[in-house]
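Residues per chain, in single letters:
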Protein chains: 2
Amino acid sequence: MKEWISDIVGLGYAQSIQIDSILYDGRSAFQHIQIATNPAFGRMLILDDAVQTTEADEFAYHEMLVHPALVTHPHPLRVLIIGGGDGGTLEEVLKHPVEHVTIVEIDREVVEISRKFLSSICDRAFDDRRVRLLIEDGIEFVRRTQERFDVILVDSTDPKGPGAALFAAEFFAACARALTDDGLLVAQSGSYIFQANLTERVVGHLGALFPEVATYWAAVPAYPGVVWSFTAGSKRHDPRTLAAQQIARRLQSVPTRYYTPPIHTAAFVLPPRPIDK
Amino acid sequence: MKEWISDIVGLGYAQSIQIDSILYDGRSAFQHIQIATNPAFGRMLILDDAVQTTEADEFAYHEMLVHPALVTHPHPLRVLIIGGGDGGTLEEVLKHPVEHVTIVEIDREVVEISRKFLSSICDRAFDDRRVRLLIEDGIEFVRRTQERFDVILVDSTDPKGPGAALFAAEFFAACARALTDDGLLVAQSGSYIFQANLTERVVGHLGALFPEVATYWAAVPAYPGVVWSFTAGSKRHDPRTLAAQQIARRLQSVPTRYYTPPIHTAAFVLPPRPIDK
């Protein structure tokens, strides 16, 4: 079988990834779930026809969602992950000396299928005794919770299907309430070039809630347009002002492939967008 | 008409750009030349089915090919451009107080069609009295010339068709001979993520000729993988060591949209490649 999976993002722009074989194909209560293979990316998790993560480049996305926030907060002990059922974000968080991680994933099958087919991504993260896995709606969880977290990471899908509400103002406001007084939140905020409206929507929502808001980027080749955006909202600590030595000290016992002190600093220098649609 | 032009670059990876209308379609002695339109990118120059430049994002590519070298050299007076028949590189060079620019383009029709259909890119650059336009093979020109240039810019197409020889060791060696004792060269060196072999080939060739070799990147949305690479070889001046103030001083009378002091510094911080093929 030689098929291509195409993701049309911008106005008249598409990225296509070839599919060599399909290892799993099924429908959960929430979405269409596939595990497929590509010669360059290895095994890939595909939800509703959009590539979510791949064996080859998951480290870029997951490290850059997690480490800028975990290193910026001076002493993060309690972390909340919304989404992230593939376990890649969880694994990066657990590299830090955190005390507790809650991960709220709406779709149990995403966790089960990722653990079965993408064990290199989530490894044994879900078995770590610091982890509480909740299979429920993340929006409901943050609305109801009385707990407070030092860092919240929003590891959502595209803004369609079950992921759509994770880009709404109400959700981010509930997250801000669930943060400690010096807490910070990072959300993936779409293709920096080809989903500029989405990125700017997240920036707008966080700007209404946090004194410090900063977008940064990482090269995630399996995602449309490669230049992927993340947006941080922080009550006190500004990730843009971290010195290289501070970052290096915090990384001493945190093995990374993508995230380094120079990458942290350079990630906040964003290229201008030629296309603002 | 609604068609897509697709460029398959990596192993099982393609980027596609929709074509709304075709304004020009012809064959020169060297290649298939088209001018087409896209809702996001505007008018596009397409050579042998690969998008070469677009009205919307040409500034990103051309500024980043030109300004890092022109700013790194302390006093560039004589500049040579190989290729670049669309005139975008020429226009950026002419923003600097250079005395002379030679541009060597093999295909007269690329210049003529660009001047006719992409006048926003090349503007009146070709009419500047500092410019000498030569319609001939750039490889032959650098092999024969007795002139010396402070900066050489290699604005090539993909390594196929007339552009293939512009990635060979012999060509770069001839360029090195045509540089002054403190001259420097920059070549576009392909999609940083999806043409890693090409980028590393250029790095290898320049590494054998220059004491300072550095690859940097720019976000060029119309090019496959967006993260585009440029590689600089320098006999003396290292572009990585420029201070922000030095760059700002040199840009005082050079209007730019993409290139800034923070962009210069961050451009040399390259993300790790997940795919080395």
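This one's a predicted model, so the numbers in the text were calculated from it and none came from an experiment.

A.B. asks: Before we move on, could you go through the overall build of chain A and cite the residues and values that matter?
C.D. replies: Check the secondary structure of chain A and you find 9 helices and 13 strands. For a compact globule of 277 residues, the expected C-alpha radius of gyration is about 19 Å, and chain A comes in at 17 Å, within 12% of that figure. Judged by the C-alpha coordinates and their principal axes, chain A covers about 50 × 45 × 35 Å. A total of 277 residues make up chain A; the buried ones form 52% of that total. Within chain A, contacts between residues at least 6 apart in sequence are counted, and of these 67% link residues at least 24 apart.

A.B. asks: Please set out the interface of chain B and chain A residue by residue, giving values where relevant.
C.D. replies: Put simply, an interface is often sized by how much accessible area is lost when its parts join up. At the interface, 34 residues of chain B touch 34 residues of chain A. Where the side of chain B that touches chain A is concerned, the elements lending two or more residues are strand S2 (13-19), strand S12 (212-219) and helix H9 (261-267) of chain B. The element best represented in the side of chain B that touches chain A is S2 of chain B, accounting for 6 residues. Residue classes in the side of chain B that touches chain A are distributed as 24 nonpolar, 7 polar and 3 charged.

A.B. asks: Any details on the relation of the copies chain B and chain A? Residues and values, ideally.
C.D. replies: In screw terms, the move from chain B to chain A is a rotation of 180 degrees and a rise of 0.0 Å along the axis, fitting with an RMSD of 0.0 Å. With respect to symmetry, the two chain copies, as superposed, fit the operation of a two-fold axis. Both copies contact each other with a shared surface, as 100% of the interface residues of chain B are interface residues in chain A too.

A.B. asks: Explain the sheet that holds strand S5 (residues 42-47) of chain A residue by residue, including any values.
C.D. replies: Residues and elements named next belong to chain A. An order of S3-S4-S5-S6 is seen for the 4 strands of this open sheet, with the pairing classed as antiparallel. Looking at strand neighbours, the two that pair on one side only are strand S3 (21-27) and strand S6 (50-54), the edges of this open sheet. Pairwise comparison of adjacent strand axes, ignoring direction, gives a mean angle of 25 degrees for this sheet. With 4 bridges joining them, S5 and S6 adopt antiparallel strand pairing. The residue bridging Leu45 from the neighbouring strand is Thr53, located in S6.

A.B. asks: Explain the environment of Ile82 of chain B to me, using residue names and the numbers behind them.
C.D. replies: Residue and element names in this part refer to chain B. You can see Ile82 is positioned in strand S7 (residues 78-83). Exposure remark for Ile82: the 26 C-beta atoms within 10 Å place this residue in the buried category. Along the chain, Ile82 and Leu134 lie 52 residues apart, while their C-alpha atoms are 9.8 Å from each other. Not counting residues within four places of it along the chain, the set of residues in contact with Ile82 comprises Val104, Gly138, Ile152, Val154, Asp155 and Leu166.

A.B. asks: Describe the domain arrangement of chain A, listing the residues and the values that go with them.
C.D. replies: Residues and elements named next belong to chain A. When the domains of chain A are assigned, the result is domain 1 (3-52) and domain 2 (58-267). Domain 1 and domain 2 are separated by 22 Å when their C-alpha centres are compared. Elements that contribute at least two residues to the side of domain 1 that touches domain 2 include exactly strand S2 (13-19), S3, strand S4 (32-38), S5 and S6. The greatest single-element share of the side of domain 1 that touches domain 2, amounting to 4 residues, is contributed by S5.

A.B. asks: Lay out the sheet that holds S12 of chain B in plain terms, naming residues and giving numbers.
C.D. replies: Residues and elements named next belong to chain B. An order of S9-S8-S7-S10-S11-S13-S12 is seen for the 7 strands of this open sheet, with the pairing classed as mixed. Both edges of this open sheet fall to strand S9 (131-135) and S12, since each of them pairs with a single strand only. Adjacent strand axes in the sheet meet at a mean angle of 15 degrees when their direction is disregarded. Here 5 bridges tie strand S8 (residues 100-105) to S9, and the two strands are oriented parallel to one another. Looking across to S9, one finds that Val104 is bridged to Leu134.

A.B. asks: Provide a residue-level description of the confidence of the model for chain A, including the pertinent values.
C.D. replies: Considering every residue of chain A, the mean pLDDT works out to 95; 99% of them sit at 70 or more. Note on the complex model: pTM 0.96, ipTM 0.95.

A.B. asks: Describe unusual backbone geometry, naming the residues involved and giving the relevant values.
C.D. replies: Phi angles above zero are rare outside glycine, and Val226 of chain A is one such case at about 60 degrees. Its location among the elements puts Val226 of chain A in the loop between strand S12 (212-219) and strand S13 (227-234). Its 30 C-beta neighbours within 10 Å are what place Val226 of chain A among the buried residues. In this structure, Asp48 of chain B is a non-glycine residue whose phi angle is positive, near 45 degrees. Residue placement: Asp48 of chain B occurs in the loop between strand S5 (42-47) and strand S6 (50-54). Taking the C-beta count within 10 Å as the criterion, Asp48 of chain B has 17 such neighbours and is therefore assigned partly exposed.

A.B. asks: Got a sec to walk through the environment of Pro162 of chain B? Specific residues and values, please.
C.D. replies: Residues and elements named next belong to chain B. Along the chain, the position of Pro162 falls in the loop between strand S10 (149-155) and helix H6 (169-177). Sequence-wise, Pro162 and Ala50 are 112 residues apart; in three dimensions their C-alpha atoms are separated by 13 Å. Once residues within four sequence positions are removed from consideration, Pro162 is found in contact with Phe30, Gln31, Ile106 and Asp107.

A.B. asks: Break down H6 of chain B for me, with residues and values.
C.D. replies: All names here are of chain B. Those residues of H6 that fall on the buried side of the exposure criterion are Phe171, Phe172 and Cys175. For H6, the angular spread of the buried residues around the axis is 95 degrees, confining them to a single face. Facing away from the buried side of H6 by over 90 degrees, the exposed positions are Glu170 and Arg177.

Reading the values: the criteria
Residues numbered from 1 in each chain as written. Chains lettered and ligands numbered in written order. Predicted model: local features only at pLDDT ≥ 70, side-chain atom pairs only at ≥ 80, totals over all residues. Helix = DSSP H or I, 4+ residues; strand = E, 2+ residues; numbered from the N terminus. Rg over C-alpha atoms; globule rule 2.2 N^0.38 Å. Buried ≥ 20, exposed ≤ 12 C-beta atoms within 10 Å, placed from the backbone. Contact = placed C-beta atoms within 7 Å. Nonpolar A, V, L, I, M, F, W, Y, C, P; charged D, E, K, R; others polar. Least-squares fit on C-alpha atoms with pLDDT ≥ 70 in both. Pairing = 2+ DSSP bridges. Axes fitted to C-alpha atoms, helices over the stretch in contact; angles between N-to-C directions. Domains from an automatic or database assignment. pLDDT = per-residue confidence, 0-100. Arc of directions from axis to C-beta.

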